Amino acid sequence: MWGGRFSEGIDARMAEFNNSFPFDRTMWAEDISGSMAWARQICAAGVITAAERDELLRGLQAVYDEFASGAFPAKTDDEDIHSAVERRLGEIVGGVSGKLHTGRSRNDQVATDIRLWTMGAIRRADEAVRMVQQAIVDQAKAAGDLIIPGYTHVQRAQPILLAHWLLSHFWPLERDRQRLADCYARVAILPLGSGAIAGTPLKVDRNALAADLGMLGISANSVDAISDRDFIAEYLFCASMIGIHISRLSEDMVFYSSAEYGFVTLADAYSTGSSLMPQKKNPDSFELARGKSGRLVGSLMTILTVLKGLPSAYNKDLQEDKEPLFDAARTLELTLPVAAGALATAKFNQAALQRGLDDAMLATDVADYLVDRGVPFRTAHKVVGQLVRMAEERGVKMVQLPLEAFQSVDSTFKADVMACFSMAASVAARTVPGATGPQAVAEQLTAAKACLGVR
Ligand code: ARG
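Residues numbered from 1 in each chain as written. Predicted model: local features only at pLDDT ≥ 70, side-chain atom pairs only at ≥ 80, totals over all residues. Heavy atoms only, no water.

Q: Pulling in residues and values, what's your account of the site of the ligand?
A: Taken together, S20, D24, D80, H82, R106, N107, V110, Y314, Q319 and K322 form the complete shell of residues around the ligand. Take D80: an N or O atom from its side chain is 3.2 Å from a nitrogen atom of the ligand. The contact in question runs from a nitrogen atom of the ligand to an N or O atom on the side chain of Q319, over 2.7 Å. In isolation the ligand offers 340 Å² of accessible surface; the protein chains occlude 86% of this area. Looking at which element gives the most residues to the shell around the ligand, the answer is helix α6 (residues 106–143), with 3 residues. Each residue belonging to the shell around the ligand can be placed in one class, and the counts come to 2 nonpolar, 4 polar and 4 charged. (Near = heavy atom within 4 Å. Polar contact = N/O pair within 3.5 Å; in protein donor to acceptor, adjacent residues only side chain to side chain. Areas by Shrake-Rupley, 256 points an atom, 1.4 Å probe, with all protein chains shown as cover. Helix = DSSP H or I, 4+ residues; strand = E, 2+ residues; numbered from the N terminus. Nonpolar A, V, L, I, M, F, W, Y, C, P; charged D, E, K, R; others polar.)

Dropping the structure here:
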């Protein structure tokens, strides 16, 4: 492909080091589609005849079919996907294959291929994230008015609806899908026509080329276009954030499924056993989902580090952009359907949720009782703090303290204070949009469902 000025062959270890075909063959469909569009445009520009174009298209289709059926005859010295396709095209159509690369460089070709590939990866990631969101919505619907202890600092805080907790994991994923869509607009920009650095001398219509490839626009500067990999960093940030959101959901599921909490039971289909301890049923689905986020963040660090300090235009370092990208996309495609399935099949246990609800979680409601009767919140906070301590010292629950005990710390308390000790009342009092009150949560659920519509 580039041997003209060389008198010696390449060192075997250098070839192995240099060749990207073992991993960039992943982009075979994008590489061939890009070449087909290029053949059509250089024909429109009068560079090749219609007959030559058709011959190139026929050959490219044959190579496409070979890859699609797994019959592509790879050679050990195929350097990358671009040269492998061109080599095979030559074997199929002969000399005319030498015209395909006119006015093009592997620099603008590879940039085009990865962008096309990333466009597909974004569409797949969006669909996979949506599956997890769907599982959350289904569980939230099924949760009805069940109440779960809400934790801050992993300490019992306030009662909330189980549906509210579930949906708290929906919105981060919704932001991830928005981020993916936003990123897509910057990915779907065509670099082809930039040549090696200076732009092609052929009079190709780059906008027509972009439209042919389903892209939204064309790059503004050929030097930038051939080395811009910002879009990979952006995609990997989106993937990392998705990974982190799934990891946090997983962490909750791991500890809620432990015997200590017992809030949820995972389906056997998403658990595994221990080779030593017969009683064990481990939440491996969520543990692995949590663990995979590390490799997504690692991929983001890889690309950022590759890009830092690169001189302008194309440098071979950029070949290191692909493995983190491919690995992240595959990690998402493995992780998200499992997270969705494990969540969809999990069963929440009403009795355990009930047991987890401790009166002390209603201390804020008792303070609110005083506030409603004109006591400044700071005073109310202190008063209820004293009651909590008194109950602790007597070894009873706050609700078991006699009314006189309440009145001994603040005379505002009347017998109706006992009505504060209701989880349902505590939840129901929180009616503002975004709060855990049943009506607000029903509205939240409606909004969440609307996000799952076709977009
Ligand atoms: N395999 C290369 C890559 O992934 C293709 C571009 C090679 N360009 C070059 N000037 N050697 O980046």
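Q: An account of the nonpolar core is needed here, citing residue identities and associated values.
A: The biggest cluster of nonpolar side chains holds 131 residues, and the ones touching the most others in it are V132, L162, W165, Y235, M253 and F413. A per-element tally of this core places α6 first, with 16 residues. The residues touching W165, leaving out its near neighbours within four places in the chain, are I148, I160, D252, M253, Y256 and F348. (Core = buried A, V, L, I, M, F, W, Y, C linked by side-chain atoms within 4.5 Å. Buried < 20%, exposed > 50% of the residue type's maximum accessible area, 1.4 Å probe, protein only. Contact = heavy atoms within 4.5 Å.)

Q: If you had to explain the packing of helix α11 (residues 230–256) against helix α13 (residues 322–344) to someone new, which residues and values would you point to?
A: One can describe the packing of α11 onto α13 by two numbers: an axis separation of 10 Å at closest approach and a directional angle of 30°. In this view, α11 runs roughly parallel relative to α13, as classed from their interaxial angle. By crossing handedness, the relation of α11 to α13 is classed as left-handed. Between α11 and α13, the contacting residues are I232, Y235, L236, A239, I242, I246, L249 and M253 on the first element and P324, L325, A328, A329, L332, T335, L336, A339 and L343 on the second. Residues of the contact of α11 with α13, tallied by class, amount to 16 nonpolar, 1 polar and no charged. (Axes fitted to C-alpha atoms, helices over the stretch in contact; angles between N-to-C directions. Parallel < 35°, antiparallel > 145°, perpendicular 65-115°, else oblique. Left-handed = near helix turned anticlockwise from the far one by under 90°.)

Q: Can you explain the packing of aromatic side chains? Please cite residues and give values.
A: Applying the stated criterion across every chain yields a total of 18 aromatic pairs. Arranged with centres 4.9 Å apart and planes meeting at 85°, the rings of F255 and Y256 form a pair that is edge-to-face. You'll find F255 and Y256 in the same group, each marked buried. Ring plane angle 70° and centroid distance 6.3 Å describe the contact between F406 and F421, whose orientation is recorded as edge-to-face. Taken together, the residues span a long stretch of sequence, with F406 in helix α17 (residues 403–409) and F421 in the loop between α17 and α18 (423–428) at a distance of 15 residues. (Phe/Tyr/Trp six-rings, centres within 6.5 Å; stacked < 30°, edge-to-face > 60°.)

Q: Pulling in residues and values, what's your account of the packing of helix α15 (residues 363–372) against helix α16 (residues 377–394)?
A: In the contact formed by α15 and α16, the axes pass within 9 Å of each other and the chain directions differ by 135°. Accordingly, the angle class assigned to the pair α15 and α16 is oblique. Taken as a pair, α15 and α16 cross one another with a handedness that is right-handed. Of the residues in α16, those touching α15 at A363, V366, A367, D368, L370 and V371 are F377, A380, V383, V384 and V388. Counted by class, the contact of α15 with α16 contains 10 nonpolar, no polar and 1 charged residues.

Q: Pulling in residues and values, what's your account of the environment of V132?
A: Mapped onto the fold, V132 is located in helix α6. Setting aside its immediate chain neighbours within four residues, V132 contacts L173, I246, L249, L336, A339, A340 and L343.

Q: Report on the environment of F406, specifying residues and quantitative values.
A: The class of F406 is buried, set by a relative accessible area of 0%. Along the primary structure F406 and G46 are separated by 360 residues, whereas in three dimensions their C-alpha atoms are 93 Å apart. Among all residues touching F406, those that are not within four sequence positions of it are L387, M398, L401, F413, V417, M418 and F421.

Q: Could you give an account of α16, with specific residues and numbers?
A: Given a rise of 1.5 Å per residue, 18 residues ought to cover 26 Å, and the 26 Å separating the end C-alpha atoms of α16 matches this to within 8%. For α16, every residue scored as buried is listed here: A380, V383, V384, L387, M390 and A391. All buried residues of α16 project into a common sector of 110° when viewed along the axis, lining one side. Exposed side chains of α16 directed beyond 90 degrees from the buried face belong to R378, K382, R389, E392 and E393. Elements that come into contact with the buried residues of α16 comprise α15 and α17. (Expected span 1.5 Å × (residues − 1). Arc of directions from axis to C-beta.)

Q: Before we move on, could you go through the pattern of salt bridges and cite the residues and values that matter?
A: All told, the structure shown has 32 salt bridges when counted by the stated rule. Between E55 and R58 there is a salt bridge, and its shortest N-O distance comes to 2.9 Å. Linking E55 with R58, this pair stays in helix α4 (residues 50–69), spanning 3 residues, or about one helical turn. Judged by relative accessible area, which is 26%, E55 ranks as partly exposed. (Salt bridge = Lys/Arg side-chain N within 4 Å of Asp/Glu carboxyl O.)

Q: So what's going on with a nonpolar patch on the surface? Residues and values would help.
A: On the surface, M1, W2, F6, I10, M14 and F17 cluster together into a nonpolar patch covering about 690 Å² of accessible area. Examined against the element boundaries, I10 turns out to sit in the segment before α1 (12–18). (Patch = residues over 30% accessible without salt bridge, like charges linked within 9 Å, V, L, I, M, F, W, Y side chains within 5 Å.)

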